[in-house]
Amino acid sequence: MHYHQYFPVDVVNGPGTRCTLFVSGCEHQCRGCYNQSTWRLDSGHPFDQAMSDRIIQDLNDTRIRRRGLSLSGGDPLHPANVGAVLALVRRVRRETQGKDIWLWTGYERESLSEAQLAVIDYVDVLVDGPFIEAQKDMTLQWRGSRNQRIHALTL
Ligand code: SF4
């Protein structure tokens with residue numbers, strides 16, 4: 001997997017102060033996508049062990065307390081990304097305490113494969129669905145168009 005950007009301290013993508021990872025690779029090609037540079041799977045930087053370690057370290061940092069991890073993109077549930085994302089969310093559960101995981105995907109929850117659902121098992125809040133320009137609504141929190149849904153899976 002590749003990633004585009006990592007924000008170790010982020011107050012925009014989800015509630016509270018968070019770590020946010022924007023992964024590379026998205027096949028939805030939504031018209032009006034604000035993040036087209038993330039579409040290619042090989043764009044950005046390789047997501048390696050050092051990057052995974054850094055996220056865990058940041059989540060456990062007691063100087064700036066993070067509420068959790070946000071996974072966006074690109075699409076963290078792109079079939080080519082699910083293996084690495086699953087390994088990461090497993091680490092978060094195993095190596096941090098009380099951190100929530102939010103995940104944004106262009107897929108709809110009902111259409112997720114078994115491999116994608118295995119990731120969702122570790123996710124607290126899922127924001128799903130493609131961005132539909134005709135349903136764009138700037139007043140929405142944490143999503144760009146009205147068709148997108150926020151599923152509070154564990155909270
Ligand atoms: S799912 Fe998100 S990143 Fe992918 S094309 Fe749609 S708006 Fe862009």
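From a predicted model like this one, the values you see are computed outputs, not experimental measurements.

Caption draft 1: Just the sheet that holds strand β2 (residues 18-23), in detail. With mixed pairing, seven strands are arranged side by side in an open sheet as β3-β1-β2-β4-β5-β6-β7. The sheet terminates laterally at β3 (45-46) and β7 (149-152), the two strands that pair on one side only. The pairing of strand β6 (residues 125-128) with β7 spans four bridges and is antiparallel. Within β7, the position partnered with D128 by the bridge is R149. Where helix α1 (residues 49-59) meets the sheet, it contacts β1 (2-10), β2 and β4 (68-72), and its direction lies at approximately 160 degrees from that of β2.

Caption draft 2: Representation of the site of the ligand in the model. As a matter of local geometry, the ligand sits amid 13 residues, with C26, C30, C33, G106 and F131 nearest to it. Classifying every residue of the shell around the ligand by side-chain character gives five nonpolar, seven polar and one charged.

Cut-offs applied
Residues numbered from 1 in each chain as written. Predicted model: local features only at pLDDT ≥ 70, side-chain atom pairs only at ≥ 80, totals over all residues. Pairing = 2+ DSSP bridges. Helix = DSSP H or I, 4+ residues; strand = E, 2+ residues; numbered from the N terminus. Contact = placed C-beta atoms within 7 Å. Axes fitted to C-alpha atoms, helices over the stretch in contact; angles between N-to-C directions. Near = placed C-beta within 6 Å. Nonpolar A, V, L, I, M, F, W, Y, C, P; charged D, E, K, R; others polar.

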